[in-house]
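One letter stands for each residue in the lines below.
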Amino acid sequence: MTTDLSDSLLSRIIDDLAEFGWSLQTQFAPASLTSELAEECRQRIAQGTLAPAGTGRGHAVAVREGTRSDHIQWLEAGQSPACDGYLQLLDELRVAINQSLYLGLVDYESHFAFYPPGGFYLKHLDRFRDDDRRAVSAVLYLNDDWQAEEGGQLRLYLADGQVRDVLPEAGTLVVFLSADVPHEVLPATRDRLSLTGWFRRRGDGVF
Ligand SMILES: O=C(O)CCC(=O)C(=O)O
Ligand SMILES: [Fe+2]
């Protein structure tokens, strides 16, 4: 699957990031791609390959009960045309951000996330105390026809004191500066599927 991001979409995201530290695009990914990704996520859930997420750094971290209740599986390139299509789009975005904002983003790490009904992620920052490589967070949602009364909003606490809620509707991408925007996932009354990821800067080699 090959798709390209339009220049106007890329400019909107970059301008928003520069001015406000976050951006919301309700039509980031084509419906065909999000439905394939949702189908793949559902298959992985059914096969039992998603595992309870930890809250520390890296792939092998302790599960801390009570902080978050999503199940995740990390993406690798070459697993499916849909995943590769998604990674290609995010790489286009990475290159565009670097060209305009000089953030020096070197890669994008990403996982499927599944929040069962009642699932949540308490207020947090995506940057770890001992690892500042995560610079920009990007989440693509995979849920058709999401209604506000079903809950599941991503709640962002912005620098100007405003609080914004984002519905996890299929095709919506939310992007924000990982170190600057505390956020939480509110419980929902239905399954909540997404692809969550982080553009990273080069580390200093200590970790
Ligand atoms: O799914 C979301 O809306 C955000 C998830 C999140 O904050 C995280 O995985 O760090
Ligand atoms: Fe987060």
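Not measured: the values here are computed from a predicted model. (Residues numbered from 1 in each chain as written. Chains lettered and ligands numbered in written order. Predicted model: local features only at pLDDT ≥ 70, side-chain atom pairs only at ≥ 80, totals over all residues. Heavy atoms only, no water.)

## Observations concerning the overall build of the protein
Point 1. What the protein contains, in helices and strands, is three helices and 11 strands.
Point 2. In terms of overall size, the protein behaves like a compact globule, its C-alpha atoms giving a radius of gyration of 16 Å where 207 residues would be expected to give roughly 17 Å.
Point 3. The proportion of buried residues among the 207 residues of the protein is 48%.
Point 4. A separation of at least 24 residues holds for 78% of the contacts in the protein among residues at least 6 apart in sequence. (Helix = DSSP H or I, 4+ residues; strand = E, 2+ residues; numbered from the N terminus. Rg over C-alpha atoms; globule rule 2.2 N^0.38 Å. Buried < 20%, exposed > 50% of the residue type's maximum accessible area, 1.4 Å probe, protein only. Contact = heavy atoms within 4.5 Å.)

## Observations regarding the site of ligand 1
Point 1. Contacts to ligand 1 come from Y115, Y121, H124, D126, V139, Y141, L154, H183, V185, R192, T196 and W198.
Point 2. Side-chain polar atom of D126 to an oxygen atom of ligand 1: 3.1 Å apart, as the coordinates give it.
Point 3. At 2.8 Å from an oxygen atom of ligand 1 is found a side-chain nitrogen or oxygen belonging to R192.
Point 4. Bound to the protein, ligand 1 loses 99% of the 290 Å² it would expose on its own.
Point 5. For the shell around ligand 1, the secondary-structure elements that each account for two or more residues are β5 (121-124), β6 (134-141), β10 (183-185) and β11 (192-201).
Point 6. When residues of the shell around ligand 1 are assigned to their parent elements, the largest contribution, three residues, is made by β11.
Point 7. When its residues are assigned to classes, the shell around ligand 1 shows seven nonpolar, three polar and two charged. (Near = heavy atom within 4 Å. Polar contact = N/O pair within 3.5 Å; in protein donor to acceptor, adjacent residues only side chain to side chain. Areas by Shrake-Rupley, 256 points an atom, 1.4 Å probe, with all protein chains shown as cover. Nonpolar A, V, L, I, M, F, W, Y, C, P; charged D, E, K, R; others polar.)

## Comments concerning the coordination of the iron ion (ligand 2)
Point 1. Ligation of the iron ion (ligand 2) by protein atoms is provided by H124 (NE2), D126 (OD) and H183 (NE2), these donors lying 2.0 to 2.2 Å from the ion.
Point 2. Here the donor residues of the iron ion (ligand 2) share one chain and are spaced in sequence as H-x1-D-x56-H. In this pair, H124 sits in strand β5 while H183 sits in strand β10, placing the two residues 59 residues apart along the sequence. Considered together, H124 and H183 belong to a single accessibility category, that of buried residues. (Donors = N, O, S within 2.8 Å, 3.2 Å for Na, K, Ca; no water.)

## Thoughts on the environment of I45
Point 1. Inspection of the secondary structure assignment puts I45 in helix α2 (residues 31-47).
Point 2. Separated by 35 residues in sequence, I45 and S80 place their C-alpha atoms 16 Å apart.
Point 3. Setting aside residues no more than four positions away along its own chain, I45 makes contact with L50, F114 and L193.

## Re unusual backbone geometry
Point 1. With a phi angle near 55 degrees, Y102 is a residue other than glycine that sits in the positive phi range.
Point 2. One non-glycine residue, D145, lies in the positive phi region at around 55 degrees.

## With respect to α2
Each turn of an α-helix holds 3.6 residues, which means side chains three or four residues apart point in the same direction.
Point 1. With 17 residues, α2 extends 24 Å between its outermost C-alpha atoms, agreeing within 8% with the 24 Å of an ideal straight helix rising 1.5 Å per residue.
Point 2. Along α2, the positions that sit buried rather than exposed are L33, T34, L37, A38, E40, C41 and R44. Projected onto a plane normal to the axis of α2, the buried residues spread over an arc of 165 degrees and lie on a single side. Facing away from the buried side of α2, by more than 90 degrees, are the exposed residues A31, A46 and Q47.
Point 3. Looking at the buried residues of α2, the elements they touch are β3 (71-74), α3 (81-101), β4 (105-115), β6 and β11.
Point 4. G48 sits one or two residues past α2 and shows a positive phi near 80 degrees. (Expected span 1.5 Å × (residues − 1). Arc of directions from axis to C-beta.)

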